[in-house]
Amino acid sequence: MKFRKLITGIAAGVFAAASLTFSASAYDLNTDLNIFWSASKTVPGTEFIGVRDGAYITVTYSVDQSLADMDGHNYWCIKPMINDSGWPLVDGIAELTPSEDGSSYVIEPDTTSITFTIPEAHAEHVEIAGLAFMGHGITLETLTVSDEAPVVDTPVEEPVVDITAPVEGGNPNTGVEGAAAAVGAAFAAAGMLYASRKK
């Protein structure tokens, strides 16, 4: 009986470790896709466990900024395809912007990563076959699959106070009136205190 509990405990620990690895593992892509549409990188289906349940795929990359000055090549994009016969495009990715001809997805030159989910229509196929990547003007670095949404830093907007806004009397609200009123109240209180002590 104790032996069975021990085995169950070990299995639970292994499962927990596997779940942690799933949330944190990264696959090394390390591929310059250059500008000739000849380079590619494939990733096996074993790396995409969980995409049927909406797991998030994050691809990090560096952008060739010099293309901004190169006519005919001043664009950046990535093309995720199912790693199967004909390498069909994974279309319909909601988080990415399709290129004008719809054959790839736009990469903004000032970014270093994209995060997306696989559309339901392709998810099972991707889990089995994996993905292949082509693109233009970027060097792929890593791919991470996680069951948790990435944390996005959103700046906190400070309220803007318009000190030139008119008040009831028609004068701008400079904040001086409030300060003067506070000082006046303080002097009045001091005067009352002085008068009460004299009595």
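Residues numbered from 1 in each chain as written. Predicted model: local features only at pLDDT ≥ 70, side-chain atom pairs only at ≥ 80, totals over all residues. Heavy atoms only, no water.

S.K.: Please explain the overall build of the protein chain as it appears in this structure.
M.R.: In terms of regular secondary structure, the protein chain is built from 3 helices and 8 strands. Counting from the amino terminus, the protein chain carries its helices and strands in the arrangement α-β-β-β-β-β-β-α-β-β-α. Each of the 199 residues in the protein chain was classed as buried or not, and the buried ones make up 27%. Considering only contacts within the protein chain whose residues lie at least 6 apart along the sequence, 75% involve residues at least 24 apart. For the protein chain, the exposed surface amounts to about 13,200 Å²; the carbon and sulfur share of it is 59%. (Helix = DSSP H or I, 4+ residues; strand = E, 2+ residues; numbered from the N terminus. Buried < 20%, exposed > 50% of the residue type's maximum accessible area, 1.4 Å probe, protein only. Contact = heavy atoms within 4.5 Å. Areas by Shrake-Rupley, 256 points an atom, 1.4 Å probe, with all protein chains shown as cover.)

S.K.: Looking at this structure, how should I read the confidence of the model for the protein chain?
M.R.: As a note on interpretation, predicted positions should not be read in detail where pLDDT is low. Per-residue confidence for the protein chain gives a mean pLDDT of 81; residues scoring 70 or more make up 64%. Segment residues 1-21: pLDDT under 50, and 0 contacts once partners within four positions in sequence are set aside and those in other chains are kept. (pLDDT = per-residue confidence, 0-100.)

S.K.: Is there a simple way to explain the pattern of salt bridges in this structure?
M.R.: Opposite charge on two side chains allows them to pair when their charged atoms are near. Under the counting rule described, the total for this entry stands at 2 salt bridges. Put simply, Arg52 and Glu124 hold a salt bridge, and the shortest N to O gap is 3.6 Å. Taken together, the positions of Arg52 in the loop between β2 (41-43) and β3 (56-63) and Glu124 in helix α2 (residues 120-129) put the pair 72 residues apart, joining distant regions of the chain. The exposure class assigned to Arg52 is partly exposed, which follows from its relative accessible area of 47%. For Glu124, a relative accessible area of 46% corresponds to the partly exposed category. The residue Arg52 makes a salt bridge to Glu127 at a minimum N-O spacing of 2.6 Å. (Salt bridge = Lys/Arg side-chain N within 4 Å of Asp/Glu carboxyl O.)

S.K.: Would you mind going over the side chain of Ser104 with me for this structure?
M.R.: Tracing the backbone shows Ser104 in the loop between β4 (77-82) and β5 (105-106). The exposure class of Ser104 is buried, given its relative accessible area of 4%. When near neighbours in sequence (up to four residues on either side) are disregarded, Ser104 contacts Cys77, Ile78, Lys79, Thr97, Pro98 and Ser99.

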